[in-house]
Amino acid sequence: MSSQWIFLGGKFVKKEEAVVSVYDHGFLYGDGVFEGIRVYSGNVFKLDEHLQRLFESAQSIMLSIPYEKEELEQIIVDTVRKNKLDSAYIRVVISRGRGNLGLDPSSCSEPQVIVIAEALALFPKELYQRGLRVGSVASRRNRPDVLSPQVKSLNYLNNILVKLEANQAGVDEALMLNDQGYVTEGSADNIFLVKNNTIYTPPVYLGALEGITRNVIIDLAEKHGYEMKETPFTRHDVYVADEVFLTGTAVEVIAVVEVDGRKIQDGKPGKVTNHLLSEFRKVVRTDGVACYESSSTGKAI
Ligand code: PMP
């Protein structure tokens, strides 16, 4: 098997040699930012949007990424190429870098940039046919005025805690509420519901990451003539919805068929969900930055 190459410390190193210092504040304090990006048929999907979000997260925590956007774009494309990948999941990590044991970032002289690209282990088809069982959890979503969900930081404990609660409850995914009890999102995905042919998703100010897949789905829904509303809703609205689905880079669009033990309608993935999933899978084939010259669809770099 050929080795996997990781971009680390300004160059490509073999996976086995890709190690960071225990003094890196990304490790010590979760001080850093990241992105998860997908490659479809050699095209990096929505790379500009992911880079924009990465740079905004970094700006928010006063972390200076030591590359221009275009340079980082090239590094990401090169990482996919170097690993000869076609369909892949990319993880970009910018940590504060090595410092001393104190939390003050001013002891860290140089941010660390890491790009990992791996062949994608796709979610099993059966999961899309069956749909997910979701449960609301006791832990609340971080308040945006304490730690904004828009900062995609290396501190993901809020999300990890709710995932643990979901695991304990024996469901597939957690439903996170904000401190007022309004629905925000899943542990790593945005939530939508369908009622009387109108599609609803919570406004991100309630405490959700502005997902890139979420935005693609909002555009697709409008393009296909659905009424689309960003409105606060509660668990009750979810229980009585016609359809519920989650969106995210990893999961794409996936139906939720049960919430807190309540079956959503007949407990099967709904028509609107399936329609948007199939439209989404068309878009990912046509909209991306091409890693290889032979790629027919994306914008070459
Ligand atoms: N919410 C959270 C908390 C996430 O971590 C993710 C995954 N990035 C999402 C939503 C979905 O965002 P995207 O569609 O950009 O992957």
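Because the structure is predicted, anything quoted here is derived from the model rather than measured.

1. Side note on the site of the ligand
Link 1 in the chain: Around the ligand, 14 residues are found, and the nearest of them are Leu-209, Gly-211, Ile-212, Thr-213 and Thr-249.
Link 2 in the chain: Mapped onto the shell around the ligand, the elements with two or more residues apiece are helix 6 (212-223) and strand 13 (243-248).
Link 3 in the chain: Top element by residues in the shell around the ligand is helix 6. It accounts for three residues.
Link 4 in the chain: Looking at the shell around the ligand residue by residue, the classes come out as three nonpolar, eight polar and three charged.

2. A few points about the confidence of the model for the protein chain
Link 1 in the chain: Across the protein chain, the average pLDDT comes to 96, with 97% of residues at or above 70.
Link 2 in the chain: Scored as a complex, the prediction yields pTM 0.96 and ipTM 0.99.

3. Considerations on the domain arrangement of the protein chain
For an interface, size is often stated in terms of accessible area lost upon the parts coming together.
Link 1 in the chain: When the domains of the protein chain are assigned, the result is domain 1 (5-119) and domain 2 (125-283).
Link 2 in the chain: Once you take the C-alpha centre of each, domain 1 and domain 2 turn out to be 27 Å apart.
Link 3 in the chain: With 18 residues of domain 1 at the contact, the number on the domain 2 side is nine residues.
Link 4 in the chain: Taken together, the elements giving at least two residues each to the side of domain 1 that touches domain 2 come down to strand 3 (32-40) and helix 2 (47-60).

4. Digging into the pairing of strand 10 (residues 190-195)
Link 1 in the chain: Burial within strand 10 is extensive, with five of its six residues counted as buried.
Link 2 in the chain: Bridge analysis of strand 10 against strand 13 gives five bridges, and the strand direction is antiparallel. The residue bridging Ile-191 from the neighbouring strand is Leu-246, located in strand 13.
Link 3 in the chain: The pairing of strand 10 with strand 11 (residues 198-201) spans three bridges and is classified as antiparallel. Bridge pairing in strand 11 places Lys-195 opposite Thr-198.
Link 4 in the chain: A loop of two residues connects strand 10 with strand 11, the two strands running antiparallel in sequence, and Asn-196 in this loop sits at a positive phi of about 50 degrees.

5. Observations regarding the environment of Ser-106
Link 1 in the chain: By secondary structure assignment, the location of Ser-106 is in the loop between strand 5 (88-95) and strand 6 (112-119).
Link 2 in the chain: Among the residues examined, Ser-106 registers 9 C-beta atoms within 10 Å and is labelled exposed.
Link 3 in the chain: C-alpha of Ser-106 to C-alpha of Pro-144: the two residues are 38 residues apart in sequence and 25 Å apart in space.

6. Considering helix 6
Link 1 in the chain: Taking 1.5 Å as the rise per residue, helix 6 with 12 residues should run 16 Å; its terminal C-alpha atoms sit 17 Å apart, in good agreement.
Link 2 in the chain: Turning to helix 6, its buried residues number three or more, namely Ile-212, Thr-213, Arg-214, Val-216, Ile-217, Ile-218, Leu-220 and Ala-221.
Link 3 in the chain: Where helix 6 terminates, the next one or two residues include Gly-225, which has phi positive at roughly 85 degrees.

7. Details of the pairing of strand 12 (residues 227-230)
Link 1 in the chain: Pairing between strand 11 and strand 12: four bridges, direction parallel. In the sheet register, Tyr-200 faces strand 12, and the bridge partner there is Lys-229.

8. Focus on unusual backbone geometry
Link 1 in the chain: We note that Asn-197 has phi near 70 degrees; this positive angle belongs to a residue other than glycine.
Link 2 in the chain: Positionally, Asn-197 belongs in the loop between strand 10 and strand 11.
Link 3 in the chain: Given 11 C-beta atoms within 10 Å, Asn-197 falls into the exposed group.
Link 4 in the chain: The backbone of Gln-265 shows a phi angle near 50 degrees, a positive value even though the residue is not glycine.
Link 5 in the chain: As for its position among the elements, Gln-265 is in the loop between strand 15 (262-263) and helix 8 (271-283).

9. Considering the packing of helix 6 against helix 8
Link 1 in the chain: Across the interface, helix 6 lies against helix 8 with an axial gap of 10 Å and an inter-helix angle of 110 degrees. Considering their axes alone, helix 6 and helix 8 lie roughly perpendicular with respect to each other. Note on packing geometry: the crossing formed by helix 6 with helix 8 is right-handed. On helix 8, the residues touching Val-216, Ile-217, Leu-220 and Ala-221 of helix 6 are Leu-276, Glu-279, Phe-280 and Val-283.
Link 2 in the chain: By residue class, the composition of the contact of helix 6 with helix 8 is seven nonpolar, no polar and one charged.

Rules of the game
- Residues numbered from 1 in each chain as written.
- Predicted model: local features only at pLDDT ≥ 70, side-chain atom pairs only at ≥ 80, totals over all residues.
- Near = placed C-beta within 6 Å.
- Helix = DSSP H or I, 4+ residues; strand = E, 2+ residues; numbered from the N terminus.
- Nonpolar A, V, L, I, M, F, W, Y, C, P; charged D, E, K, R; others polar.
- pLDDT = per-residue confidence, 0-100.
- Domains from an automatic or database assignment.
- Contact = placed C-beta atoms within 7 Å.
- Buried ≥ 20, exposed ≤ 12 C-beta atoms within 10 Å, placed from the backbone.
- Pairing = 2+ DSSP bridges.
- Expected span 1.5 Å × (residues − 1).
- Axes fitted to C-alpha atoms, helices over the stretch in contact; angles between N-to-C directions.
- Parallel < 35°, antiparallel > 145°, perpendicular 65-115°, else oblique.
- Left-handed = near helix turned anticlockwise from the far one by under 90°.

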